[in-house]
There are 2 protein chains.
Amino acid sequence: MATMNRERSEDSAFAAGRNSWNRHYHNSVVQPLLTDLYQITMAYAYWKSGKIDDNAVFDLFFRTNPFQGEFTIFAGLEECLKFLDSFHYSETDIEYLKHALPQGIEDDFFEYLSQLTAKEVTLYAIEEGSVAFPRVPLIKVVGPLIIVQLLETTLLTLVNYASLMATNAARYRMVAGKHIHLLEFGLRRAQGPDGGLSASKYSYIGGFDGTSNVLAGKLFNIPVKGTHAHAYITSFTGIDELKTRVLQHKEDGTTRDILELAMEHRTNLASVLDVSTDESSEGELAAMVSFAIAFPDGFMALVDTYDVKSRTCWLVRQLAAIRRIVSQLDLISSSHCHLASPRLLTRSGLLNFCAVALALNDQGYRAIGIRIDSGDLAYLSCLARETFERIAERFKLPWFSKLTIVASNDINEDTILSLNEQGHKIDCFGIGTHLVTCQRQPALGCVYKMVEINNQPRIKLSQDVGKVTMPGSKNVFRLYGADGHALIDLLQRVDENPPEVGQKVLCRHPFQESKRAYVIPTNVEPLYRVYWTDGRVAQVLPSLEEVRERVQASLKTLRQDHKRTLNPTPYKVAVSDNLYNFIHELWLQNAPIGELA
Amino acid sequence: MATMNRERSEDSAFAAGRNSWNRHYHNSVVQPLLTDLYQITMAYAYWKSGKIDDNAVFDLFFRTNPFQGEFTIFAGLEECLKFLDSFHYSETDIEYLKHALPQGIEDDFFEYLSQLTAKEVTLYAIEEGSVAFPRVPLIKVVGPLIIVQLLETTLLTLVNYASLMATNAARYRMVAGKHIHLLEFGLRRAQGPDGGLSASKYSYIGGFDGTSNVLAGKLFNIPVKGTHAHAYITSFTGIDELKTRVLQHKEDGTTRDILELAMEHRTNLASVLDVSTDESSEGELAAMVSFAIAFPDGFMALVDTYDVKSRTCWLVRQLAAIRRIVSQLDLISSSHCHLASPRLLTRSGLLNFCAVALALNDQGYRAIGIRIDSGDLAYLSCLARETFERIAERFKLPWFSKLTIVASNDINEDTILSLNEQGHKIDCFGIGTHLVTCQRQPALGCVYKMVEINNQPRIKLSQDVGKVTMPGSKNVFRLYGADGHALIDLLQRVDENPPEVGQKVLCRHPFQESKRAYVIPTNVEPLYRVYWTDGRVAQVLPSLEEVRERVQASLKTLRQDHKRTLNPTPYKVAVSDNLYNFIHELWLQNAPIGELA
């Protein structure tokens with residue numbers, strides 16, 4: 001899609017600047033105090049008990065996919081690594097903690113905290129942007145108990161919303177199809193300033209093409225998009241207000257009066273489209289002319305300021321009434337009803353837009369398109385496209401039929417599915433509230449559980465087997481079939497031999513004895529990499545673009561039935577026979593006496 | 001409620017430090033680029049059209065109260081004022097905009113932007129923390145069109161989530177009652193780092209007593225609370241791991257072995273409570289002992305690590321089965337069933353907690369209480385309270401019966417209502433996901449609409465009357481009745497005389513001719529104050545504490561039927577006769593020909 005904002009390629013000086021803005025922003029928000037107080041009280045109790053250096057393994061995972069779906073996109077890893085890298089309690093942090101913690105805390109503890117870093121931690125994770133499934137740890141953190149515990153809340157905060165948002169965006173991308181442009185417009189409805197920034201970043205990763213959020217553009221190099229609001233149109237009350245009316249020709253430099261040209265075109269168009277110019281707003285025309293003069297190469301206009309919605313609603317009711325009469329009296333054919341519509345609908349916004357677009361064309365410029373922010377989007381987009389096509393034909397301007405149609409009114413996954421079903425001619429959706437708030441499920445419930453301490457496995461039991469944790473330090477493999485699709489994720493104990501291509505592997509349901517199957521993988525992908533060890537990031541991290549591509553590539557390995565909107569098939573997550581037996585032995589050892597397990 | 005964290009009184013050096021941290025944090029996120037790109041493209045078009053200094057009036061308001069309620073708490077004003085105060089495009093902002101905007105933008109525009117501030121703007125608002133209603137502008141912004149327009153998105157971002165969150169918190173406070181402590185525990189489920197910070201701040205304003213979020217404590221001086229997680233308990237596998245077991249007496253300094261004391265008490269308690277010690281976890285006991293030694297004055301323990309939930313579920317099923325048998329056979333009285341419960345439930349967490357609390361008592365310390373994070377909270381809290389009361393009586397320790405019971409598992413408004421109905425003994429709720437995501441309605445739909453330009457009123461028409469804007473610059477008054485309750489909010493045109501106490505005032509429904517009434521107010525409150533003019537904040541701003549008190553005071557002026565959870569009565573917002581006629585004249589002038597209005 002052409003838009004008014006050119007795609008930018010990154011030059012290196014700019015990229016360096018961006019890195020520094022980005023770091024400044026990150027560090028001002030993501031810091032060790034961004035945590036729950038109990039992490040710090042626990043840290044003190046570990047310190048007092050001489051347990052700080054106990055070797056601990058924690059898993060970060062979720063139990064249910066969001067949005068009634070069967071997959072999740074893992075995101076937020078880079079932020080987690082930056083957090084580890086910068087982990088350090090500042091002097092003012094220590095000062096605050098002395099103030100906030102109960103009296104009687106030993107001074108040596110604060111001294112210890114002020115020296116604490118994450119350099120003894122090792123962090124394993126699956127690749128950012130990968131599809132992920134319940135119970136498979138996204139991140140495994142190994143290291144001294146005190147620091148591994150202190151990381152909990154911040155890691156959860158950084159992964160939960162990022163993954164939820166990326167998943168939500170990926171779902172919008174799937175229902176919209178790959179040829180539709182998707183723009184994130186949600187800043188004003190986000191959870192405060194940084195909620196908006198995170199939404200922009202992770203919706204881009206999930207498959208959106210850009211955002212309206214300028215700061216997100218500056219910090220993350222995401223394409224930013226936008227034209228004007230209704231207020232711009234209503235700020236002009238008439239054509240007398242136009243202080244500048246002339247525009248130079250793009251090629252030959254001759255100037256002409258755009259307003260005059262547009263008014264001529266409007267009269268002409270009214271007759272072509274069989275509408276009257278009487279009701280088109282002069283203020284709107286003035287606004288569009290002024291906007292076209294400011295952005296002759298990027299003219300995109302909001303066409304529904306003068307109440308397309310009420311007209312549509314009214315029209316729809318009128319049409320319905322007429323159809324009822326028609327069906328009863330059978331006097332006129334229903335095609336008459338269809339012909340009636342453009343007359344009413346093109347009378348202001350669309351008419352003015354087309355007139356100004358033709359005036360721009362006279363001066364060597366091509367308009368970009370329109371935005372519709374209200375009304376029946378399927379119907380209006382078809383109407384607008386039909387109008388563009390008629391003009392393209394009549395004025396011998398083939399590009400006119402391809403003008404961009406952006407829609408942006410309260411759109412969610414279901415709206416897009418419904419529009420697809422009705423048929424529409426929309427090229428681009430601008431999506432705000434439903435995208436950024438993840439209205440269908442506003443939180444992903446990642447948890448962070450201890451699975452091993454000093455080589456002793458820990459298991460959390462629960463009557464609800466979904467809540468039983470997988471004990472011990474584990475590895476995860478994704479097994480692929482011959483058609484390239486992912487078959488199953490397999491959790492093993494760390495000391496097991498990895499599954500091998502072409503060899504049969506016993507995959508077991510973690511809790512149901514009878515559910516087991518042999519799988520012969522055509523490809524075996526170890527899901528974990530070491531991302532942080534010896535106090536530094538241990539991988540070359542992908543760019544935002546690369547993570548974004550990873551999302552689509554990873555989704556492609558998933559069978560369609562796991563991805564569909566209605567009743568998707570659950571993807572299987574299994575344990576090795578060895579891990580199965582390990583879990584159930586521990587369970588038995590820990591089961592309370594007299595309990596019905 | 002006593003908690004393990006003392007309430008802090010602010011000393012002045014600390015307050016000064018906090019202001020600087022706070023400013024640093026604010027400025028790193030809330031900046032003029034935190035906006036939608038179309039604001040900047042519009043700014044350029046206004047600049048090109050010579051309209052930058054047109055005098056504009058914009059209203060910021062919402063159309064529907066959230067959460068199926070009939071009131072909203074207005075919050076976010078202080079952040080808006082800070083934003084105005086710091087409004088300035090930095091060099092790197094300008095550099096980025098040159099890069100991001102379409103080519104062909106004149107250099108003089110960037111020069112103009114780099115000098116632009118908000119000093120020519122005047123901002124009126126209702127007081128932060130006030131109850132507010134649909135269509136009453138929370139904020140009115142007057143000034144040169146370009147800057148007033150450029151403020152839109154950021155003001156909306158700062159008000160929308162803040163108000164939604166404060167309203168949500170105030171609703172929790174109402175259903176919980178004023179004697180229950182409410183703690184915000186939502187950081188890990190918030191929309192990223194700053195979503196969490198905003199949640200902490202505005203839930204405090206709305207009536208919460210504290211947060212687990214340490215950075216929010218540091219930045220905003222909100223009390224921070226927290227004890228330990230299940231991981232702390234599971235990190236101990238047995239009593240051998242306890243490296244420190246002794247604690248000095250609080251008064252006389254003599255040391256004793258807390259573990260030994262606790263084990264003696266446990267044996268004793270088991271007989272008092274008629275339970276066995278066989279099944280109480282030794283790891284849990286060790287963890288509690290170590291925590292008590294670290295925080296002898298602040299001992300609060302999570303008591304459900306070893307699966308209270310499954311026991312409860314199991315128990316409930318057993319009890320139900322027994323009751324069925326009882327009712328059929330009538331062999332034993334139902335009180336037997338009740339007696340059966342403590343035996344099962346106190347066998348680990350509660351038993352260990354009480355034993356350690358008695359050991360602490362031997363050394364001169366009083367424990368704080370317990371946290372329950374799973375299971376049937378009403379039932380478990382009653383059981384715990386009953387246990388505490390029996391111990392209080394038996395050991396002549398009256399304070400033991402008053403130990404704090406905190407509950408924290410997936411709590412929402414409905415859970416609290418249901419707990420109230422069942423009867424519970426909980427003193428404090430820790431609330432996370434449902435609070436911070438505002439799950440029942442994750443966004444407040446504030447909008448920002450032009451209502452006047454160069455003294456010409458602007459009206460947005462819509463077939464949906466709820467979307468018709470109130471044209472022109474307006475004043476708002478709240479009229480009170482003799483009983484002190486707010487009766488109605490009245491919008492007037494700015495040049496009208498304000499309503500007077502004791503004089504009858506005609507209040508009209510803005511759109512329905514027949515709906516009108518005379519009101520004789522006992523008190524008239526002008527809702528607007530000038531908060532920003534001549535480039536500075538024009539009021540002494542209230543502290544966070546004062547805003548928090550304002551919320552409760554303002555809610556008190558609202559009749560109970562407007563506040564109730566089920567089918568609350570809508571509060572009335574009216575227009576003066578003058579404004580009514582003004583709206584409808586404009587409507588008529590702007591109504592499209594042939595429209596059924």
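Each chain has its residues counted from 1, following the order in which its sequence is written. Following the order in which they are written, the chains are lettered starting with A and the ligands numbered starting with 1. Confidence filtering applies because this is a predicted model: local features only for residues at pLDDT of at least 70, side-chain atom pairs given and counted only at 80 or more, and all residues used for totals across whole chains, interfaces and linings. Think of the side-chain values as coming from all heavy atoms in the structure, minus any hydrogens and water.

Quick look at the pattern of salt bridges
Moving on, step 1. Put simply, a salt bridge is a Lys or Arg side-chain nitrogen that is within 4 Å of an Asp or Glu carboxyl oxygen. Applying the stated criterion to the full structure yields 50 salt bridges over all chains.
Moving on, step 2. Among the ionic pairs, aspartate 59 of chain A bridges to lysine 474 of chain A, the shortest N-O distance being 2.6 Å. On the criterion of sequence distance, the pair formed by aspartate 59 of chain A in strand E1 (residues 55-61) and lysine 474 of chain A in strand E16 (residues 474-480) is long-range, its members being 415 residues apart. Each member of the pair, aspartate 59 of chain A as well as lysine 474 of chain A, is classed as buried.
Moving on, step 3. Aspartate 54 of chain B is paired through a salt bridge with lysine 51 of chain B; the nearest N and O atoms lie 2.7 Å apart.
Moving on, step 4. Accessibility expressed as a relative area gives 1% for lysine 51 of chain B, which makes it buried.
Moving on, step 5. The network of salt bridges with common partners includes Glu127, Glu525, Arg529 and Arg550 of chain A. In this description a helix means any DSSP run of H or I spanning at least four residues, a strand means any run of E spanning at least two, and both kinds are numbered starting from the N terminus. Note on classification: 1.4 Å probe, protein chains only; a residue is buried when its accessible area is under 20% of the maximum for its type, exposed when over 50%, partly exposed between these limits.

A look at the sheet that holds strand E13 (residues 428-431) of chain B
For sheets, the rule is that strands pair by backbone hydrogen bonds, running either parallel or antiparallel.
All names here are of chain B.
Moving on, step 1. Two strands qualify as a pair provided that DSSP identifies no fewer than 2 bridges between them. Spatially, six strands are ordered E7-E6-E13-E12-E11-E10 in an open sheet, and the strand pairing comes out parallel. Of all the strands in the sheet, just strand E7 (210-211) and strand E10 (300-302) have a single pairing partner and so form its edges.
Moving on, step 2. Bridge count between strand E6 (residues 181-184) and E7: two bridges; the pairing is parallel. From the neighbouring strand, glutamate 184 faces E7, where its bridge partner is threonine 211.

Some details on the UniProt feature "domain: Nicotinate phosphoribosyltransferase N-terminal" (unreviewed entry) in chain A
Moving on, step 1. As recorded in UniProt, the sites labelled "domain: Nicotinate phosphoribosyltransferase N-terminal" (unreviewed entry) are residues 33-160 of chain A.
Moving on, step 2. The distance separating the terminal C-alpha atoms of residues 33-160 of chain A is 18 Å; by composition the span is 44% helix and 16% strand. UniProt positions are given in the numbering used here, feature names are shortened, and annotations may be inferred rather than shown by experiment.

Section: helix H12 (residues 282-294) of chain B
In an α-helix, one turn spans 3.6 residues, which is why side chains three or four residues apart end up on the same side.
Moving on, step 1. To estimate the expected span of a helix, subtract one from its residue number and multiply by 1.5 Å. Counted at 1.5 Å a residue, the expected span for H12 of chain B with its 13 residues is 18 Å, and the 18 Å between its end C-alpha atoms agrees.
Moving on, step 2. Counting buried positions along H12 of chain B yields twelve of 13 residues, so the element is predominantly enclosed.
Moving on, step 3. For H12 of chain B, every residue scored as buried is listed here: Gly283, Glu284, Leu285, Ala286, Ala287, Met288, Val289, Ser290, Phe291, Ala292, Ile293 and Ala294 of chain B.
Moving on, step 4. Where H12 of chain B is buried, its residues contact helix H2 (37-48) of chain A together with helix H10 (230-234), strand E8 (246-248), helix H11 (258-272), E10 and helix H15 (349-362) of chain B.
Moving on, step 5. Between the side-chain oxygen at the start of H12 of chain B and the backbone nitrogen of glycine 283 of chain B there is a gap of 3.3 Å, and the oxygen is on serine 281 of chain B. We call two residues in contact when some of their heavy atoms are within 4.5 Å. Nitrogen and oxygen atoms within 3.5 Å of one another constitute a polar contact, given that in protein one can donate a hydrogen and the other can accept it, and given that sequence-neighbouring residues count only through two side-chain atoms.

Brief notes about the interface of chain B and chain A
Moving on, step 1. Every contact between the two is made by 128 residues of chain B and, on the other side, 128 residues of chain A.
Moving on, step 2. Accessible-area loss on putting two parts together, using a 1.4 Å probe and summing over both, is the definition of buried area adopted here. Where chain B abuts chain A, roughly 10,800 Å² becomes buried across the two surfaces, and 59% of that area is made up of carbon and sulfur atoms.
Moving on, step 3. On inspection of chain B and its partner chain A, the count reaches eight salt bridges.
Moving on, step 4. For the interface between chain B and chain A, the tally reads 41 residue pairs in polar contact (both at pLDDT 80 or more).
Moving on, step 5. With ten residues, helix H2 (residues 37-48) of chain B is the single largest residue contributor to the side of chain B that touches chain A.

Examining the relation of the copies chain B and chain A
Moving on, step 1. Least-squares superposition of the copies uses the C-alpha atoms of those residues scoring a pLDDT of at least 70 in each of them. Least-squares fitting of chain B to chain A yields an RMSD of 0.1 Å, with the superposition described by an axial translation of 0.0 Å and a rotation of 180°. Viewed as a symmetry operation, the transformation between the two copies matches a two-fold axis.
Moving on, step 2. Here 100% of the interface residues in chain B have copies in chain A that are interface residues too; the copies meet face to matching face.

As for H2 of chain B
All names here are of chain B.
Moving on, step 1. For H2, with twelve residues, the first-to-last C-alpha span of 17 Å sits near the 16 Å given by 1.5 Å per residue.
Moving on, step 2. Summarising burial for H2: eleven of the twelve residues are buried, a large majority.
Moving on, step 3. Along H2, the residues classified as buried are Leu37, Tyr38, Gln39, Ile40, Thr41, Met42, Ala43, Tyr44, Ala45, Tyr46 and Trp47.
Moving on, step 4. Once H2 ends, the next one or two residues include glycine 50, with phi positive near 70°.

A few points about unusual backbone geometry
Moving on, step 1. Of note in the backbone geometry, aspartate 534 of chain A takes a positive phi value of approximately 55° without being a glycine.
Moving on, step 2. Along the chain, the position of aspartate 534 of chain A falls in the loop between strand E21 (529-533) and strand E22 (536-537).
Moving on, step 3. Look at aspartate 534 of chain A and you get exposed, because its relative accessible area is 65%.
Moving on, step 4. In this model, phenylalanine 67 of chain B sits at a positive phi of 60°, which is unusual for a non-glycine residue.
Moving on, step 5. Along the polypeptide, phenylalanine 67 of chain B turns up in the loop between strand E1 (55-61) and strand E2 (72-73).

Some thoughts on the environment of alanine 231 of chain B
All names here are of chain B.
Moving on, step 1. Relative to the helices and strands, alanine 231 is located in helix H10.
Moving on, step 2. The class for alanine 231 is buried, based on a relative accessible area of 11%.
Moving on, step 3. Considered as a pair, alanine 231 and aspartate 107 are 124 residues apart in the sequence and their alpha carbons are 59 Å apart.

A short note on the nonpolar core
Moving on, step 1. Formed by 378 residues in total, the largest nonpolar core has its most connected members in Ile139, Phe353 and Phe400 of chain A together with Ile139, Phe353 and Phe400 of chain B.
Moving on, step 2. In this structure, isoleucine 139 of chain B is in contact with Phe58, Asp59, Leu60, Phe74, Leu77, Cys80, Leu123, Tyr124, Ala125 and Val159 of chain B, ignoring residues within four places of it in sequence. Each nonpolar core is a collection of buried residues, namely Ala, Val, Leu, Ile, Met, Phe, Trp, Tyr and Cys, held together in the definition by side-chain atoms within 4.5 Å.

Regarding the state of the cysteines
Residue and element names in this part refer to chain A.
Moving on, step 1. Disulfides are defined as pairs of cysteine sulfur atoms found within 2.5 Å of each other. Inspection of the entire model under this criterion finds zero disulfides over all chains.
Moving on, step 2. Of all cysteine sulfurs, the one in cysteine 446 lies closest to cysteine 80, which takes part in no disulfide; the gap is 9.8 Å.
Moving on, step 3. Residue cysteine 80 is classed as buried on the basis of its relative accessible area of 0%.
Moving on, step 4. As a non-bridged cysteine, cysteine 354 has cysteine 382 as the owner of its nearest cysteine sulfur, 16 Å distant.
Moving on, step 5. Taking relative accessible area as the criterion, cysteine 354 reaches 0% and is therefore assigned buried.

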